[in-house]
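Per-entry structural report
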Amino acid sequence: MVLFLGIVSRKINGIPTFIGDTLYAVMVYFGMRFLFLSLSPIKSILLALLFCYCIEFQQLYRADWILNIRNTTLGHYVLGQGFLWSDLGFYTLGVAVAYVMDSFLFKTHNSN
């Protein structure tokens, strides 16, 4: 669902691009929680942030081969196009939102 919303946010004019960046980080956080079920939420936060930050910093690398990958649709969505410091903040916001959602869902699940 988050992946779909993130892609749609890039296709509709008028939706700020930071929405997609924030949703990307939400998706990465929940992806980490899904892939590493025994990982604590705090470690999931750190792993998700590390992943998102690495994706952002790799955008500083401008070799022809990676630019060719970024020019594909999938490459553009996964690797991005250009480094922005502000994206690091939006990734942090997305992971924080995902953690709050995760905490709420976990508490709700335990109370039933």
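Here's a quick rundown of the structure.

The subject of this paragraph is the environment of V8. On the secondary structure map, V8 appears in helix α1 (residues 2–11). Since its relative accessible area comes to 25%, V8 is described here as partly exposed.

To continue, consider the packing of helix α2 (residues 17–35) against helix α3 (residues 41–58). Interhelical geometry of α2 versus α3 gives an angle of 130° and a closest axis separation of 9 Å. Judged by the inter-axis angle, α2 sits oblique to α3. Helix-helix and strand crossings are classified by hand; for α2 and α3 the assignment is right-handed. Contacts from Y24, A25, V28, Y29, M32 and R33 in α2 reach P41, S44, I45, L47, A48, F51, C52 and I55 in α3.

Given a rise of 1.5 Å per residue, 19 residues ought to cover 27 Å, and the 27 Å separating the end C-alpha atoms of α2 matches this to within 8%. Along α2, the positions that sit buried rather than exposed are G20, D21, T22, L23, Y24, A25, V26, V28, Y29, M32 and R33.

This brings us to the packing of aromatic side chains. One pass over the full model with this rule turns up 7 aromatic pairs. Three or more aromatic residues link up through ring pairs in this structure, and these residues are F57, F83 and W85.

Calculation rules
- Residues numbered from 1 in each chain as written.
- Predicted model: local features only at pLDDT ≥ 70, side-chain atom pairs only at ≥ 80, totals over all residues.
- Heavy atoms only, no water.
- Helix = DSSP H or I, 4+ residues; strand = E, 2+ residues; numbered from the N terminus.
- Buried < 20%, exposed > 50% of the residue type's maximum accessible area, 1.4 Å probe, protein only.
- Axes fitted to C-alpha atoms, helices over the stretch in contact; angles between N-to-C directions.
- Parallel < 35°, antiparallel > 145°, perpendicular 65-115°, else oblique.
- Left-handed = near helix turned anticlockwise from the far one by under 90°.
- Contact = heavy atoms within 4.5 Å.
- Expected span 1.5 Å × (residues − 1).
- Phe/Tyr/Trp six-rings, centres within 6.5 Å; stacked < 30°, edge-to-face > 60°.

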